[in-house]
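What the coordinates show
The lines below spell out each chain.
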Amino acid sequence: MFDVFLQLVVKGVKDLRTNPWAQGMTFAAVVLIALLGGMFLLVLHNLDQELLRVRGDVLFQLYWKPDADLKAVQEQWTELRGLPGVQDMVTFTPDQALKDLSSRLGKDVDLRFIKDKSPLPATAMLSFARTGEGDGGVEGDQGWIDETKVYLERLPGMAMVRYNPMRTELVRAWGTLSDRVILPLIAFLLVVLGLVVGNTIKLSLLTRANEIEIMRIVGAREWYIRLPFVAGGTAQGFAGSITALFLLKIVQLLLQNVFNFPPLFFQFRYLPTSHMALLVLTLSGVGLMGSWLAVRRAHS
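Residues numbered from 1 in each chain as written. Predicted model: local features only at pLDDT ≥ 70, side-chain atom pairs only at ≥ 80, totals over all residues. Heavy atoms only, no water.

Under the annotation held in an unreviewed UniProt entry, the chain carries the name Cell division protein FtsX and is attributed to Megalodesulfovibrio gigas. The record held by UniProt for the chain lists under Sequence similarities (unreviewed entry) the comment "Belongs to the ABC-4 integral membrane protein family. FtsX subfamily." A UniProt comment under Subcellular location (unreviewed entry) is attached to the chain, and it reads "Cell membrane". (UniProt positions renumbered as here; feature names shortened; annotations may be inferred.)

Here it is in structure tokens:
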């Protein structure tokens, strides 16, 4: 019995080679929809990870005067790292800031003529954890934020201090967007994928109607007739998801450092194994269900 089951599954996969043009177009549609769903998962995963890392943080951007003594500034950096609540600190000397700027401007812009004479100031990105309690957001810590900002502005040689509440408020906004827009849209893409696979199976049934009728005449059972089509639909969903994951990796590599600059320092990372497995299993399951329903309707 198992041998018959295995033979039918293999037959269903091999039958995908029939009418290669139509099957190729269908496979491309499956890959496209899987890629779109994967990109939403990629964005969702990266934003969730970033917001978990900085949830409730307040980011201060510090700019010293261009003529500030660098040694004194570096001593201040050491003191600032020891302040209560400091989560992270990124610093740039004038030469480091110039080097970073030069790398981002590209090879067409040559700034070597001002090497060791950088006009840029020393800068720092200082991230504090929230001090307030509850869910008051930035407003609940506004007094502490104002006091910290005044303290930083009074540091010797300080030119300007800015703070960025975007990270704290983005947590709440992203949660709302995820619940109301992103997740329903991913579910919609999965439904569309099921419809694409199901319609493809229907077209396959039309081209093989005589074969199916002969199998019925000789007394073949319904599961014997349906299994190859279900196997083919499942294989399409599986192969489409694997191909989409490969293309998604290329997209991730291209976008990896697009936003990796101050004050964002946001780096795109690839999907974890659990998310990849979820995508493959979901699309394979959608392919199975879509093909099963299509065969069932066609035989009814």
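Thoughts on the environment of Ala 235
In this fold, Ala 235 is placed in helix H8 (residues 222–255). Distance in space between the C-alpha atoms of Ala 235 and Leu 16 is 9.0 Å, their sequence separation being 219 residues. Those residues in contact with Ala 235 that sit more than four places away from it in its chain are Val 13 and Leu 16. (Helix = DSSP H or I, 4+ residues; strand = E, 2+ residues; numbered from the N terminus. Contact = heavy atoms within 4.5 Å.)

With respect to helix H3 (residues 70–81)
Here H3 is 12 residues long and its end C-alpha atoms lie 17 Å apart, about the 16 Å a rise of 1.5 Å per residue gives. Those residues of H3 that sit buried are Val 73, Gln 76, Trp 77 and Leu 80. The arc enclosing the buried residues of H3, seen along the axis, measures out at 110°, which places them on a common side. Facing away from the buried side of H3 by more than 90 degrees, the exposed set consists of Lys 71, Thr 78 and Glu 79. (Expected span 1.5 Å × (residues − 1). Buried < 20%, exposed > 50% of the residue type's maximum accessible area, 1.4 Å probe, protein only. Arc of directions from axis to C-beta.)

Considering the UniProt feature "transmembrane region" (unreviewed entry) in the chain
Per the UniProt record, "transmembrane region" (unreviewed entry) is found at residues 21–44, 181–206, 227–255 and 275–295. With 100% helix and 0% strand, the stretch residues 21–44 has end C-alpha atoms that lie 35 Å from each other. Across residues 227–255, helical content stands at 100% and strand content at 0%; the span's end C-alpha atoms are separated by 41 Å.

So, the pairing of strand E3 (residues 123–128)
The buried count for E3 comes to six of six residues, which makes it a mostly enclosed element. Of the two faces of E3, the one lined by Thr 123, Met 125 and Ser 127 and the one lined by Ala 124, Leu 126 and Phe 128 are each fully buried. Here six bridges tie strand E1 (residues 58–64) to E3, and the two strands are oriented antiparallel to one another. Each bridged residue has a counterpart across the sheet, and for Leu 59 the counterpart in E3 is Ser 127. Two strands pair when backbone bridges link them, and strand E2 (residues 86–92) and E3 are joined in this way by six bridges, in the antiparallel orientation. Across the sheet, Met 89 pairs through a bridge with Leu 126, a residue of E3. (Pairing = 2+ DSSP bridges.)

Observations regarding the confidence of the model for the chain
Residue-level pLDDT values for the chain average 75, and 68% of them are 70 or greater. Looking at the elements of the chain, mean pLDDT is at its lowest for helix H6 (residues 166–207), recorded as 66, and at its highest for H3, recorded as 91. Confidence drops under pLDDT 50 across residues 131–140; counting only partners more than four residues distant or on other chains, this segment forms 14 contacts. (pLDDT = per-residue confidence, 0-100.)

Section: a nonpolar patch on the surface
A cluster of nonpolar side chains, Phe 246, Leu 247, Ile 250, Leu 254, Leu 255 and Val 258, forms an exposed patch at the surface whose accessible area comes to about 540 Å². Mapped onto the elements of the fold, Val 258 is located in the loop between H8 and helix H9 (273–299). (Patch = residues over 30% accessible without salt bridge, like charges linked within 9 Å, V, L, I, M, F, W, Y side chains within 5 Å. Areas by Shrake-Rupley, 256 points an atom, 1.4 Å probe, with all protein chains shown as cover. Salt bridge = Lys/Arg side-chain N within 4 Å of Asp/Glu carboxyl O.)

Quick word on the nonpolar core
If you look at the biggest cluster of nonpolar residues, it comprises 17 residues, and the most contacted ones within it are Phe 60, Leu 62, Trp 64, Trp 77, Leu 80, Leu 126 and Leu 152. Of all the secondary-structure elements, those providing two or more residues to this core are E1, H3, E3, helix H5 (142–153) and strand E4 (158–164). Ranked by the residues each element gives to this core, the list is headed by E1, at four residues. Counting 13 residues, the second-largest nonpolar core is a separate cluster that includes Ala 34, Ala 244, Leu 248 and Tyr 270. (Core = buried A, V, L, I, M, F, W, Y, C linked by side-chain atoms within 4.5 Å.)

Section: the pattern of salt bridges
When charged atoms on two side chains of opposite charge get close, those side chains can pair. Taken as a whole, this structure holds one salt bridge when the rule is applied. Between Glu 153 and Lys 149 there is a salt bridge, and its shortest N-O distance comes to 2.6 Å. Of this pair, Glu 153 and Lys 149 both sit in helix H5, four residues apart, which is roughly one turn of the helix. Residue classification places Glu 153 among the partly exposed residues on the basis of a relative accessible area of 37%. For Lys 149, a relative accessible area of 24% translates into the label partly exposed.

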